[in-house]
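Take a look at the letters that make up each chain.
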Amino acid sequence: MIRKCLFPAAGYGTRFLPATKSMPKEMMPIVNKPLIEYGVEEALEAGLSQICIVTGRGKRALADHFDTNYELEHQIAGSSKEAMLNDIRHLISSCTFSYIRQQEMKGLGHAILTGEPLIGDEAFAVVLADDLCINTDDGVLSQMVKLYRQFRCSIVAIQEVPANETHKYGVIEGEMIKDDIFRIKSMVEKPAPEDAPSNMAIIGRYILTPDIFDIIRNTEPGKGGEIQLTDALLQQAKDGCVLAYKFRGKRFDCGSVDGYIEATNYCYENLYSP
Ligand code: G1P
């Protein structure tokens, strides 16, 4: 049973400067809701109510967002504006939130290892909040949790991307087990198109078994001199089994300006009701 979802959220969000100079990139709104709130909603929908956030300097707004704001709530009590807090109030009352600070940015693998004291010895999910996933049926994490119940191993979400975009992602080589499920044979972090083993790219949704922590501890810095989760997962795949799952649903890369605008337009047209 998976109960915990880890959100690595210590990064600087340099692609959105100056907006992210003093505001966490995870608080950038898609219409009127911050990115991380969509991620927490997806986690809760999948039954994961223990939210573990890896934060860093300048990220206090995240903890404030998932807390009561007495002054504001007192001010708008009884007014029509109160309904605008329904969704966040529901999250706050349904989830627990715990935080740990990452002191140095040494890559996604390092961020996940920083979360170990919050996770302990159990399987958990990871959401990178700047990958926004929208579904009309089961969310991506729900789909992955169901798969985990069946296979009991680490799972990464994948999507096909154009060949000239492989340098933005971890890219896998897999052997198809059945429709949309692959057993990972190899994976490379951000390869040039000519070095990419396929066009199947990892997106920011993972289920990880807790042995990943020891593997990360023994993983040398890789691409960009950072401790890469992709390298640790490759080791896990060699030792046992890691699956890649081609999920159902839409995904927007909100870490890029183009993807952010696309997500905003999509959510405004399809999800927003004033
Ligand atoms: C990270 C991972 C990469 C993955 C991507 C998904 O990269 O290192 O393997 O494909 O997230 O968004 P980042 O985008 O944080 O540089």
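The notes below deal with the structure included here.

Basis of the calculations
Residues numbered from 1 in each chain as written. Predicted model: local features only at pLDDT ≥ 70, side-chain atom pairs only at ≥ 80, totals over all residues. Heavy atoms only, no water. Helix = DSSP H or I, 4+ residues; strand = E, 2+ residues; numbered from the N terminus. Buried < 20%, exposed > 50% of the residue type's maximum accessible area, 1.4 Å probe, protein only. Polar contact = N/O pair within 3.5 Å; in protein donor to acceptor, adjacent residues only side chain to side chain. Expected span 1.5 Å × (residues − 1). Core = buried A, V, L, I, M, F, W, Y, C linked by side-chain atoms within 4.5 Å. Contact = heavy atoms within 4.5 Å. Salt bridge = Lys/Arg side-chain N within 4 Å of Asp/Glu carboxyl O. Near = heavy atom within 4 Å. Areas by Shrake-Rupley, 256 points an atom, 1.4 Å probe, with all protein chains shown as cover. Nonpolar A, V, L, I, M, F, W, Y, C, P; charged D, E, K, R; others polar.

Focus: the side chain of Glu-26
Within the fold, Glu-26 resides in the loop between strand E1 (4-8) and strand E2 (29-30). The exposure class assigned to Glu-26 is buried, which follows from its relative accessible area of 4%. Engagement of the side chain of Glu-26 in a polar contact is seen with the side chain of Lys-59, the distance being 2.8 Å.

What to know about helix H7 (residues 140-151)
Look at H7: 16 Å from first C-alpha to last across 12 residues, which is about the 16 Å you get at 1.5 Å a residue. Those residues of H7 that fall on the buried side of the exposure criterion are Val-140, Leu-141, Ser-142, Gln-143, Met-144, Val-145, Leu-147 and Tyr-148. Looking at the residues trailing H7, positive phi occurs at Arg-152, about 55°.

What about the environment of Thr-166?
Mapped onto the elements of the fold, Thr-166 is located in the loop between strand E8 (154-160) and strand E9 (170-178). On the basis of relative accessibility, which here comes to 1%, the residue Thr-166 falls in the buried class. Between the alpha carbons of Thr-166 and Ala-192 there is a distance of 6.3 Å; along the sequence they are 26 residues apart. Separated by 2.9 Å, the side chain of Thr-166 and the backbone oxygen of Pro-191 make a polar contact.

Some words on the nonpolar core
One finds Cys-5, Ile-36, Val-40, Leu-48 and Ile-51 to be the most contacted residues of the largest nonpolar core, which totals 41 residues. Apart from the residues within four sequence positions on either side, Ile-36 is in contact with Phe-7, Glu-26, Met-27, Ile-53, Leu-62, Phe-66 and Ala-129. In this structure, Cys-52, Ile-216, Ala-232 and Val-242 belong to the second largest nonpolar core, which totals 33 residues.

Notes on the pattern of salt bridges
Summed over the entire model, instances satisfying the criterion amount to 18 salt bridges. Notably, a salt bridge pairs Glu-42 with Arg-205, separated by 2.9 Å at the nearest N-O pair. Within this pair, whereas Glu-42 is found in helix H1 (residues 35-45), its partner Arg-205 is found in strand E11 (residues 200-208), the two being separated by 163 residues in sequence. Of the two residues, Glu-42 and Arg-205, neither departs from the other in class, the shared state being buried. Between Lys-106 and Glu-104 there is a salt bridge, and its shortest N-O distance comes to 3.4 Å. Look at the salt bridges and you will find they share partners, linking Arg-3, Lys-4 and Glu-122 into a network.

Comments concerning the site of the ligand
In the vicinity of the ligand lie 13 residues, with Asp-131, Gly-170, Glu-189, Lys-190 and Ile-202 positioned nearest. The separation between an oxygen atom of the ligand and a polar main-chain atom of Ile-202 is 2.6 Å. Taking 380 Å² as the accessible area of the ligand by itself, protein coverage stands at 76%. A class-by-class count of the residues in the shell around the ligand yields 6 nonpolar, 4 polar and 3 charged.

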